[in-house]
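Structural overview
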Amino acid sequence: MTRAERMSQNLNRALHELFAANERAWLLGEDVVDPYGGAFKVTQGLSTAYPERVLSTPLSENGITGVAGGLALCGDTVIVEIMFGDFVGLAFDQIINFLTKSVAMYGEHTPMRVLIRCPVGGGRGYGPTHSQSVQKHFIGIPHLALFELSPLHDAADVLAAALRRGEPSMLFEDKILYTQRRYVDNRVDDRLAFELLGADRNWARVHDPAAAAAPTLVIAPGGVANRAIAAARSAWEQGRNVEVLVPARLYPFDVDSVLGLLDGADGVIVAEESTTGGTWGSEVATRLYAAAWPLLRRPIELVNSAAGIIPAAPHLERPVLLGADTILERIMHPSVGERPGTAPAPRSPLTRLRQARAAEHGVAVSLPKLNNNDDSYVLLEWLVPAGATVEIGQVIAEVETSKAIEELTATHAGVLRQDLAAGVDCAPGSTIGHILPAGAHPAAAPPAAEPSGVTQPALPGRPLPPSQRRIADVVAASHREIPAAFTAVRADVTAALAYARRAADETGAEVSLTEVVIAAVATLHERFPALYAQLTGDGRVIDAAHPSVGLTVDVGTGLFLPVIRDAAKLDLGDLADAVVELRMKALRNRLREDDMAGMNFLVALNNTPGVSYAQPIIPPGVTCALSVPDVHREVMLGAGGEVRERMVADLGLAYDHRLVNGAQAGAYLAALSAALQL
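Residues numbered from 1 in each chain as written. Predicted model: local features only at pLDDT ≥ 70, side-chain atom pairs only at ≥ 80, totals over all residues. Heavy atoms only, no water.

Another point: the nonpolar core. If you look at the biggest cluster of nonpolar residues, it comprises 59 residues, and the most contacted ones within it are V493, V521, I564, F601, L626, L653 and Y668. Residues contacting Y668, with those up to four places away along its chain left out, are V521, L524, F528, L531, Y532, F601 and L653. Counting residues in each nonpolar core, the second largest holds 49 residues, with F138, F253, V258 and A292 among its members. (Core = buried A, V, L, I, M, F, W, Y, C linked by side-chain atoms within 4.5 Å. Buried < 20%, exposed > 50% of the residue type's maximum accessible area, 1.4 Å probe, protein only. Contact = heavy atoms within 4.5 Å.)

The α-helix advances 3.6 residues per turn, and as a result positions three or four apart in sequence lie on the same side. Between its first and last C-alpha atoms helix α1 (residues 7-21) spans 21 Å; for 15 residues at 1.5 Å apiece the expected length is 21 Å, and the two agree. Residues M7, S8, N10, L11, N12, A14, L15, L18 and F19 constitute the buried set of α1. (Helix = DSSP H or I, 4+ residues; strand = E, 2+ residues; numbered from the N terminus. Expected span 1.5 Å × (residues − 1).)

Aromatic ring pairs: the centre-centre distance and the angle between the two ring planes describe each pair. Following the criterion strictly, the structure yields 15 aromatic pairs and no others. Three or more aromatic residues joined by ring pairs make a cluster, and in this case those are F40, F84, F87, Y126 and Y178. (Phe/Tyr/Trp six-rings, centres within 6.5 Å; stacked < 30°, edge-to-face > 60°.)

So, about the environment of R113. Along the chain, R113 turns up in the loop between α4 (92-99) and β4 (114-120). Among the residues examined, R113 registers a relative accessible area of 32% and is labelled partly exposed. C-alpha separation for the pair R113 and G166, spaced 53 residues apart in sequence, amounts to 5.2 Å. For R113, the residues in contact, after removing those within four places along its chain, are A72, D76, T77, V78, L163 and G166.

This paragraph deals with the sheet that holds strand β10 (residues 242-247). The sheet built from six strands is open, its strands ordered β7-β8-β10-β9-β12-β13 with mixed pairing. Two strands close off the open sheet at either side, each with one partner strand: β7 (193-197) and β13 (301-305). Neighbour-to-neighbour, the strand axes of the sheet open up by a mean angle of 25 degrees, direction not taken into account. Two strands pair when backbone bridges link them, and strand β9 (residues 216-219) and strand β12 (residues 267-275) are joined in this way by four bridges, in the parallel orientation. Across the sheet, residue V218 finds its bridge partner in β12, namely I269. Against the sheet, helix α6 (residues 222-237) contacts β8 (203-207), β9, β10 and β12, and its axis sits at roughly 175 degrees relative to β10. Contacting β9, β10, β12 and β13, helix α8 (residues 280-292) runs over the sheet at an angle of about 155 degrees to β12. (Pairing = 2+ DSSP bridges. Axes fitted to C-alpha atoms, helices over the stretch in contact; angles between N-to-C directions.)

Here we take up helix α3 (residues 61-73). In this model, α3 (13 residues) spans 18 Å end to end at C-alpha, consistent with the 18 Å of a helix rising 1.5 Å per residue. Along α3, the residues classified as buried are E61, I64, T65, G66, A68, G69, L71 and A72. At the C-terminal side of α3, G75 shows a positive phi close to 100 degrees.

Once that is clear, we can look at unusual backbone geometry. Across the junction of D34 and P35, the peptide omega takes the value 10 degrees, indicating a cis bond. The topology assignment puts P35 in the loop between β1 (25-29) and α2 (46-49). Residue Y251 is joined to P252 through a cis peptide bond whose omega torsion reads -5 degrees. Mapped onto the elements of the fold, P252 is located in the loop between β11 (249-251) and α7 (259-262). One non-glycine residue, D31, lies in positive phi territory at about 60 degrees. Among the secondary structure elements, D31 is positioned in the loop between β1 and α2. Residues other than glycine seldom take positive phi values, yet D566 does so here, at roughly 45 degrees. Within the secondary structure, D566 sits in the loop between β28 (563-564) and α15 (572-587). D566 sits in the buried class, given a relative accessible area of 18%.

Along the chain, E173 turns up in strand β6 (residues 169-174). For E173, a relative accessible area of 0% gives the class buried. Each C-alpha atom of the pair E173 and D650 lies 41 Å from the other, and the pair is 477 residues apart in sequence. If near-sequence neighbours (up to four positions away) are discounted, E173 is found in contact with L11, R117, C118, P119, V120, L149 and Y178.

Attention shifts here to empty space enclosed by the protein. For the structure shown, the criterion picks out three cavities of 30 Å³ or more. There is about 100 Å³ of room inside the largest cavity. Forming the boundary of the largest cavity are 14 residues, of which Q135, E148, P221, E272 and E273 lie nearest the centre. Of all elements in the fold, only α6 and β12 reach the threshold of two or more residues within the lining of the largest cavity. Broken down by element, the lining of the largest cavity gets its largest block of residues, three residues, from β12. Taken together, the residues that form the lining of the largest cavity break down as five nonpolar, five polar and four charged. (1 Å grid on protein atoms, 1.4 Å probe; cavity = no way out; pocket = protein on both sides within 12 Å on 5 of 7 lines; lining within 4 Å. Points joined across faces, edges and corners; volume = space filled by probe spheres on them. Nonpolar A, V, L, I, M, F, W, Y, C, P; charged D, E, K, R; others polar.)

On to the pairing of β4. In the case of a regular strand, side chains alternate between the two sheet surfaces. Along β4, seven of the seven residues are buried, which leaves the element largely enclosed by surrounding structure. Both faces of β4 are covered, namely the face carrying V114, I116, C118 and V120 and the face carrying L115, R117 and P119. Bridge count between strand β3 (residues 77-81) and β4: four bridges; the pairing is parallel. Bridging across to β4, V80 finds its partner in I116.

Here the focus is the pattern of salt bridges. One pass over the structure, following the stated rule, counts 34 salt bridges. Among the ionic pairs, D577 bridges to R6, the shortest N-O distance being 2.2 Å. On the criterion of sequence distance, the pair formed by D577 in helix α15 and R6 in the segment before α1 is long-range, its members being 571 residues apart. Residue classification places D577 among the partly exposed positions, given a relative accessible area of 23%. What makes R6 buried here is its relative accessible area of 0%. E243 is the partner of R205 in a salt bridge, and the nearest nitrogen-oxygen pair spans 2.9 Å. Taken together, the residues R205 in strand β8 and E243 in strand β10 connect sequence positions 38 residues apart. On the basis of relative accessible area, R205 is assigned to the buried category, the value being 16%. (Salt bridge = Lys/Arg side-chain N within 4 Å of Asp/Glu carboxyl O.)

Look at helix α14 (residues 513-523) against α15: their axes get within 9 Å of each other, and the N-to-C directions meet at 115 degrees. If you check the angle between α14 and α15, you find them roughly perpendicular. As for the relative orientation of α14 and α15, their crossing is right-handed in sense. Contact residues: α14 offers T514, E515, V516, I518 and A519, while α15 offers L572, L575, A576, V579 and R583. (Parallel < 35°, antiparallel > 145°, perpendicular 65-115°, else oblique. Left-handed = near helix turned anticlockwise from the far one by under 90°.)

This next bit is on the sheet that holds strand β19 (residues 414-418). Read from one edge of the open sheet, four strands run β14-β21-β19-β16, paired in antiparallel fashion. Each edge of the open sheet is held by one strand with a lone partner, namely β14 (363-366) and β16 (389-390). Where β16 lies against β19, two bridges are found, and the strand directions are antiparallel. By the bridge assignment, T389 is partnered in β19 with V415.

Attention shifts here to the side chain of T43. Within the element layout of this structure, T43 appears in the loop between β1 and α2. Here V32 takes part through its backbone oxygen, which lies 3.0 Å from a polar atom of the side chain of T43. The residues contacting T43, other than those within four sequence positions of it, are N12, L15, L27, V32, D34, G37, G38, E81 and R117. (Polar contact = N/O pair within 3.5 Å; in protein donor to acceptor, adjacent residues only side chain to side chain.)

Next up, the structure:
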């Protein structure tokens, strides 16, 4: 498969191609000139290549857009970058009263080739005024076309389509997409394919070529496309066929290219990140009702983010924004019925059998086997009250294992009966509750049992948090079982830091020294296999086929050890993406057992400012742990007596003395230091 660009790289290349081909192209925006290259690095290199036509402007969206309109009236092509789409409201007057009206108010058609780029969307913790999806506010303005960046469309094609119209356009770019890679070669993954439809290739259709059942169609713009695809994957696992349709142009809405897909579809869902009311989805539904009413089996459904401001705190932001789980819930359980006169969707015999059994006895909520280390787990909390109605895929309980907190989801819809109280120990495979048929009245949840009727006096102090108890268990087991030794070396990381900065600029990913160290650790696996091996209980050594590097993630509520599997196959950009994803999962309490399984080497990040030396703990099952402390500046004398500066870090290696000796540890640290001299 072709190596795909990141979306920021793809958009940057498209802009470079535009400027190379059009000598009358301009770029205006705040901080777009090198070395900054825009808030999200999309315009990097343009000012260096075209210094007279790339201008950083004052902080005035109204002024920037007005200047763009003047240049367009003179026949030029102008790209405007709004630093955050939230600020485009400040240019509203120029857009609706100058740019768009200038196309037609001078007695003849006047080309106005202006494209306004707007980074939009949440998911990055930027808070209420830097995270909105404002597309809906610009729908229905004559002579204004709206486009959205998509992982399924080449940005160069989208720019060309927008400018070819000869009218003002806006390009909305979901910030989450910038570091993600495009889908290429007409494949999303091994199962899913995509194709571009329409004369202008405006629509991307993601589908399973092997599926035969009538699909539910999910129409999702570029920023929501990956969430819709994730929801579709989950729906497929539950027997539902889903196709995701992603338009490059939001408005004017292209109906004709997708009419053929509506015939026989089980339903249509329009998903977007904006809040409800006056939305793009409403426009889509209106157009589809007018053009395809006879083809629709049921009313079109709209899913949106919650109606409220977007918090900055990730644990508060997540419930507000539209997620894959909300889309999945609507796929599996439409909130509206079929239109009169339409045939109901056929159900398989297996589905009918399961429904009959559920109606008779209820469906057991069983505790799955979550890892091989635990014989029991703690039913930490019921997230849905007893007697409440639950839907398929809804999270109903949290279970604590020795490594993580796992969520249990409902496999059937119905009424929840809680058979065990929160706080009790449960064996894998045990039944903790039942989902009864709708309308059932289960008994109240069992109370947490006390050993006697005597009230126990409150004990002083506070209980240790569950996540810290898990770390305590790991540390105790490490000290009890592993004869650890420790060696440290001062490494010159000046070149590694510079390499990380270059890689960040080139890939668009958040590359730091951490990723450079992980990459170096992964490459040393073949030379030092003993440091990645595992010692079994009977004294046998199992070599690791691939380096799977764990790293410490401390989010303030506990320490986690997620794992980057087969790290040697990832470039720095992919490593950075993996690290960010794992950190965000930890921050949002979304890490699962699978995220922390398979580690054969640990990189312990002790890089709090001022920390110059740290001795890590070796987790059971791992042979070595490398500590990476804070980087500090060191002044030294060169070979010729000259004074020079360098950036250093005191890397420390803790190792299991049963498998690794001091000479091996010293050789490994020397090789690692050399690898950082890029």
